[in-house]
Amino acid sequence: MNLDQLVHECGEWLKAGGPMSDVVISSRVRLARNLAGHNFLSKASPDERAEIERTLFDAIRSREFGKSTFYVDVEQSDPIDRQFLVERHLISRQHAEGEGCRGVAISSGETMALMINEEDHLRIQVLRRGLNLDDAWNQTAEVDAALEAAVEFAWHRQYGYLTACPTNVGTGLRVSVMLHLPALKLTNEIEKVLRAARDMRLAIRGLYGEGTEALGDFFQVSNQVTLGAGEEEILNGFKSEVIPAMVNYEREARRQLRTQSPTALDDKVWRALGVLENARAIGSEEALFLLSHLRMGILMERVKTVDLAAVSELLLGTQSAHLQKRLGRRLEGPERSVLRADYIRKRLDQGRPGDN
Amino acid sequence: MICQQCKKHPATVHLTDLVKGEKRERHLCEHCAATEGISVKQHVSINEVLNSFLMTQAGVQELVKIRCPDCGMSFVEFRNQGLLGCPKDYDVFGEPLAAVVQRAQEGATHHTGKRPGQMVKLDPRQQRRLELQRELRAAVEREDYERAADLRDRLAELDKA
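Keep in mind it's a predicted model, so treat the numbers as computed, not measured.

Calculation rules
- In this numbering scheme, every chain counts its residues from 1 along its sequence in written order.
- For naming, the first written chain is A and the first written ligand is 1, with later ones following in the order written.
- It should be noted that, the model being predicted, local features are given only for residues of pLDDT at least 70 and side-chain atom pairs only at 80 or more, the latter also being counted only at that level, while totals for whole chains, interfaces and linings use all residues.
- Strands here mean DSSP runs of E at least two residues long; helices mean DSSP runs of H or I at least four residues long; both are numbered from the N terminus.
- Every radius of gyration here is taken over C-alpha atoms, with the globule rule written as 2.2 Å times N^0.38, N being the number of residues.
- With C-beta atoms placed from the backbone, a residue is labelled by how many other C-beta atoms lie within 10 Å of its own: buried for 20 or more, exposed for 12 or fewer, partly exposed between the two.
- Placing a C-beta atom from the backbone of each residue, one calls two residues in contact when those atoms lie within 7 Å.
- Classification used: nonpolar for Ala, Val, Leu, Ile, Met, Phe, Trp, Tyr, Cys and Pro, charged for Asp, Glu, Lys and Arg, polar for all others including Gly.
- The pairing criterion for strands is at least two bridges between them, as found by DSSP.
- Helix axes use the C-alpha atoms of the stretch in contact, all axes being lines fitted to C-alpha atoms, and the angles between their N-to-C directions lie in the range 0 to 180 degrees.
- Any angle between 65 and 115 degrees counts as roughly perpendicular, while under 35 counts as roughly parallel, over 145 as roughly antiparallel, and the rest as oblique.

Explanation requested: the overall build of chain A in the structure shown.
For chain A, the count of helices and strands is 13 helices and 10 strands. A compact globule built from 356 residues would reach a C-alpha radius of gyration of about 21 Å, and chain A, at 21 Å, matches this within 12%. In chain A, which comprises 356 residues, the proportion classed as buried is 48%. Restricting the contact set of chain A to residue pairs at least 6 apart, pairs at least 24 apart contribute 70%.

The structure is reproduced here in structure tokens:
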């Protein structure tokens, strides 16, 4: 397996479907770990960084789960490949833009990615489509335990698992879900809901995590506190209280749009489809914004001529690195916009339900 | 700008309300905003936590001297970049770091989760039961009895399996 083969596939977790997938795009569980007996990365020499990478790489390869992973040397990768991995949520922006030896081990089906030498020595990430944190957690727990049998992680009697930044210390556990909230945005209730989420000690971020803007009504919600609560407690609070509440707000807003302003709703949705089907040049942000409206229209059964799978594929495929990798060459801005519009028109044309 | 409500404290919360399509701007102090139920809690960055911590410390001079003998990281350097240098810093930086951790972690001071060698797994059946029970409560609340009956059957099935 290599990156060039991934271009023609849609990551398992990015496919349409899964629990509450009308609102929840995907679920992610992440654990931060560091090797005992080594400095954290801010004080690690290039030699020590290399040793950490080798130790973790060998540990992963020695385990059963590691045999079906493939490793990408991020330091040696082309910038487009790095961006490609960010777009697929397999590595963070920080990892793509970092320095020194670092990499990522990716499982087949892309449901798991282990980043080596990001902010911590190791970040175990497991992804699932829809709201499925149990499954994501259970796989994470297994991988964590398997690695603990091979290497020793930095541990402290009081603080638990030690991390480079005190905001991750303790469990090292960050749980996040990607939500699609177009109706709350249209009904101007989004700020209220996001503020309530912040009051519940949650962080709200954009499509690509830390430091990114919310684009096309996609929001990433995650816990902030990693210390003083057990893993199960963190996960349960999140998936049984917080997320279902936000999902219900969005569903309620959609119901409200359908009953109170169906014409305004249809106008938004059909305009989105109209532009996507006809544009001859389009930027990635505009595409994302319109695809968001189209996704809502399909889920609310206003548009029945386009398949949800086509929209999921386009959400990923219209992004810059994906476009460039598919065409196999570097594209400058204006040309990219033209080829993006071509790709969207072609994909929507094949995307009629029943075609595949 | 002074708070429009109490006319005493500086206004730090700026609101735009839409009432019947008309825009109305209001400027309140944090206290008056809070009594109206408006929260202004923001995601605090680690640097803010560190800075506010240092400002309130009497022994700033003492802090400047703290340095880890293993990795060479000083407390001041940590303060500037937000990242620690090695596991030992958690002990070397002692109380000042404990205060930083406590602020960043909403008051928590001790790990209560899994220990090395342990494995915490979730039982999907237990989870499914909780979800169905929650949906059932919601269905009864909105008087959707058809849905409630269906959920009740599914719960019974889950218990049998």
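What should I look at first to understand the interface of chain A and chain B in this one?
Interface size is commonly expressed as the accessible surface area that is lost when the partners come together. On the chain B side, the residues contacting the 43 residues of chain A number 37 residues. Elements with a contribution of two residues or more to the side of chain A that touches chain B: α5 (133-148), β6 (155-156), α7 (190-199) and α8 (231-260) of chain A. If one sorts the elements of the side of chain A that touches chain B by residue count, α5 of chain A sits on top with 6 residues. A per-class count over the side of chain A that touches chain B returns 20 nonpolar, 14 polar and 9 charged.

How should the sheet that holds strand β1 (residues 24-33) of chain A be read in this particular structure?
In sheet architecture, strand pairing relies on hydrogen bonds along the backbone and comes in two forms, parallel and antiparallel. All names here are of chain A. What the 8 strands build is an open sheet, ordered β2-β3-β4-β5-β1-β8-β10-β9; its pairing is antiparallel. The strands lining the two open edges of the sheet, one partner per strand, are β2 (69-73) and β9 (202-205). When the angles between neighbouring strand axes are averaged without regard to direction, this sheet yields 20 degrees. Bridge count for β1 against strand β8 (residues 173-180) is 7 bridges, and the pairing is antiparallel. Residue pairing across strands places Leu31 opposite Leu173, the latter belonging to β8. Here helix α2 (residues 46-62) sits on the sheet in contact with β2, β3 (103-107), β4 (112-116) and β5 (122-129), set at roughly 155 degrees to β4.

Got a minute to help me understand the packing of helix α12 (residues 320-327) of chain A against helix α13 (residues 333-350) of chain A in this structure?
When two helices pack together, their arrangement is given by the angle between their axes and by how far apart the axes lie. Residues and elements named next belong to chain A. One can describe the packing of α12 onto α13 by two numbers: an axis separation of 11 Å at closest approach and a directional angle of 80 degrees. With respect to α13, the element α12 is oriented roughly perpendicular. In contact with Ser320, Leu323 and Leu327 of α12, α13 contributes Arg336, Leu339, Arg340 and Tyr343. Partitioned by chemical class, the residues of the contact of α12 with α13 number 4 nonpolar, 1 polar and 2 charged.

How should I be thinking about the environment of Asp70 of chain B in this particular structure?
All names here are of chain B. As for its placement among the helices and strands, Asp70 is situated in the loop between α3 (60-65) and α4 (75-81). When the 14 C-beta atoms within 10 Å are taken as the criterion, Asp70 is described as partly exposed. Separated by 75 residues in the primary sequence, Asp70 and Tyr145 have C-alpha atoms spaced 66 Å apart. Leaving out residues up to four positions away in the same chain, Asp70 has contacts with Cys86 and Lys88.

The values reported here are purely geometric and, on their own, carry no functional implication.
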